[in-house]
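A structural walkthrough
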Amino acid sequence: MRFIFQLESGFNIDTGRSAQDGRLFGREAHFGLAGDNWGQLTFGRQTTVSSLYMPGIASPFGSSFNQANAGATFSAINTTRYDNMIQYQTPSYAGFQLGVGYSFNTDGKQKVTYKEGGVTEKSNVKAWTAALRYANGPIAVGLSYDQSKADRNAKALDAPGFLGGGTFDRATVREWVLAGSYDFEVVKLHLAGGQARNGLITPQGYDGAGDILKDIYGVSVDTRYLKYGIKGFRANNYTVGLSAPVGAGKVMASWAMSDLRKAPDGMNKSDLKDQQIYSLGYTYPLSKRTNVYAIGSYAKNVYYAPKLKSTLVGVGLSHQF
């Protein structure tokens, strides 16, 4: 038996400001108990098990490289972090590992419950996360399920609806993901599919997207509200990825699509388009702990808006201490 804890801070390198809405330890702030025979139990702000288990199986870009990462299409595994969460993970048994977590309020302190006019009023956003993965030799498979629901007073949802239409209705947001990968040595193949209903667990957060959407649709749109529920919304998500050794390094490529199957209530599906992302990258090790990389990614119909595109080009160096 051992006591564990993790405090991890994030900041934006271009501005120096704290990330994760200004939190000092916004990436991780949890403690718990762990044992080799029974697993670990943790409490506090932490990454969901879906975001821990699934990205590296679903895509060669894993949870890194901004819009190239698996979470830009599968929002539930987009490095989702919740406050006030209890999370349990089993040890690995013959390659199998299971994790489950529950948050009493995903963002901020837990709010009180009270009665007004005989009606019980609540103002928390509660969420479940669960994932099962299997890894043995060249094969890896994962399955995850996430859901969140905002109580009736959780937010003053007075912003316009999704892309200027529809309404925010505090619907239960649900998403499941099934992913698998196989390493053929000369190439590693990644495949994933899933579905999102009534909203996005963790929107990608393209800088300036809300302002651009305002120019397109003539209304102000705050994409952060997508996680509180857009009733009627349904999208099927897919990705195909490949990685292969080239010289001493590795080339990575992926295509990902979010296929809009049903528009939010009050909107016409013909006004929206499927989101697609094409990504290519290369990483080269300078040593066992240091590598350099280059990445290019192009997304069209971001947030299903026909005119909204995003292009990402970057180079970087990573060192593991």
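Residues numbered from 1 in each chain as written. Predicted model: local features only at pLDDT ≥ 70, side-chain atom pairs only at ≥ 80, totals over all residues. Heavy atoms only, no water.

1. Focus: the overall build of the protein chain
Worth spelling out the cut-off: Where helices and strands are cited, they refer to DSSP runs of H or I of at least four residues and of E of at least two residues respectively, numbered from the N terminus. Accessibility here uses a 1.4 Å probe with only protein chains present; expressed as a share of the type maximum, an area under 20% marks a residue as buried, one over 50% as exposed, and anything in between as partly exposed. Note on definitions: a residue-residue contact is assigned when non-hydrogen atoms from the two residues lie within 4.5 Å. Note on areas: these come from Shrake-Rupley sampling with a 1.4 Å probe, and a residue is covered only by the protein chains present in the view.
A count of helical and extended segments in the protein chain gives three helices and 16 strands. Looking at the protein chain as a whole, 46% of its 321 residues are labelled buried. Of the contacts made within the protein chain by residues no fewer than 6 positions apart, 63% connect residues no fewer than 24 positions apart. Total accessible area on the protein chain stands at roughly 16300 Å², and carbon and sulfur atoms take up 55% of it.

2. Here we look at the nonpolar core
The test is simple: Nine residue types can take part in a nonpolar core, namely buried Ala, Val, Leu, Ile, Met, Phe, Trp, Tyr and Cys, and a core is a set of them joined through side-chain atoms within 4.5 Å.
The biggest cluster of nonpolar side chains holds 18 residues, and the ones touching the most others in it are Tyr-206, Phe-233, Leu-272, Val-302 and Tyr-304. Core analysis: the second largest hydrophobic core is formed by 13 residues, Val-49, Tyr-53, Ala-131 and Val-177 among them.

3. What about the pairing of strand S10 (residues 173-183)?
Cut-off, in case you're wondering: Pairing between strands is defined by DSSP: at least two bridges between them are needed.
Relative to S10, strand S9 (residues 139-150) runs antiparallel, the two sharing 10 bridges. Counterpart to Ser-144 in the pairing with S10 is Val-177. Between S10 and strand S11 (residues 188-197), which pair antiparallel in sequence order, lie four residues; one of them, Glu-185, sits at a positive phi of approximately 75°.

4. Examining the packing of aromatic side chains
Stated precisely, the cut-off is as follows: Each aromatic pair joins two rings of Phe, Tyr and Trp (for Trp, the six-membered one) with centres within 6.5 Å, and gets the label stacked for planes under 30 degrees apart, edge-to-face for over 60, and tilted for any other angle. Over a ring means this: the NZ of a Lys or the CZ of an Arg is within 6 Å of the ring centre and within 35 degrees of the ring normal.
Scanning the model with the defined rule gives 10 aromatic pairs in all. Centroid distance Phe-96 to Tyr-134: 4.5 Å. Interplanar angle 40°. Geometry classified as tilted. Residue Phe-96 is found in strand S5 (residues 96-103), and its partner Tyr-134 is found in strand S8 (residues 125-136); the two are separated by 38 residues along the sequence. Taking relative accessible area as the criterion, Phe-96 reaches 42% and is therefore assigned partly exposed. Through successive ring pairs, a cluster of aromatic residues spans Phe-3, Phe-5, Phe-31 and Phe-43. Of note, Arg-133 hangs over the ring of Tyr-53, and the distance from its end group to the ring centre comes to 3.9 Å.

5. Focus: the environment of Lys-288
Relative to the assigned elements, Lys-288 resides in the loop between strand S14 (275-285) and strand S15 (290-300). Using a relative accessible area of 87% as the deciding quantity, one classes Lys-288 as exposed. Note: C-alpha distance between Lys-288 and Gln-320 (32 residues apart in sequence) is 8.8 Å.

6. Looking at the confidence of the model for the protein chain
Caution applies to low-pLDDT parts of the model: their predicted coordinates are not meant to be read in detail. To keep it simple, the criterion reads: Predictor confidence is given residue by residue as pLDDT, running from a minimum of 0 to a maximum of 100.
Averaged over all residues, the pLDDT of the protein chain equals 88, while 87% of them reach at least 70. For residues 156-160, every residue scores under 50 in pLDDT, and the model assigns this stretch 10 contacts once sequence neighbours within four places are set aside.

7. Re empty space enclosed by the protein
Let me state the cut-off plainly: Only protein atoms enter the 1 Å grid used here, on which a cavity is any set of points holding a 1.4 Å probe that cannot leave and a pocket is any open set flanked by protein within 12 Å on both sides along at least five of seven lines; residues with an atom within 4 Å of a point are listed as lining. Grid points are joined across faces, edges and corners, and a volume is the space filled by probe spheres set on the points. Gly is placed with the polar residues, together with every amino acid not listed as nonpolar (Ala, Val, Leu, Ile, Met, Phe, Trp, Tyr, Cys and Pro) or charged (Asp, Glu, Lys and Arg).
On inspection of all chains with the given rule, the structure shows two cavities of 30 Å³ or more. In this model, the largest cavity occupies a volume close to 120 Å³. For the largest cavity, the lining is made up of 14 residues, of which Ala-72, Leu-200, Gln-204, Gln-275 and Tyr-303 are closest to its centre. Tallied by class, residues from the lining of the largest cavity come to six nonpolar, eight polar and no charged. Computed from the structure, the second largest cavity encloses a volume of approximately 60 Å³. The wall of the second largest cavity is formed by Ser-59, Gln-67, Ala-68, Asn-69, Ala-70, Thr-73, Thr-239, Ser-254, Ala-256, Ile-277 and Ser-279. For the lining of the second largest cavity, the secondary-structure elements that each account for two or more residues are strand S13 (249-262) and S14. Here the lining of the second largest cavity is built from residues that sort into four nonpolar, seven polar and no charged.

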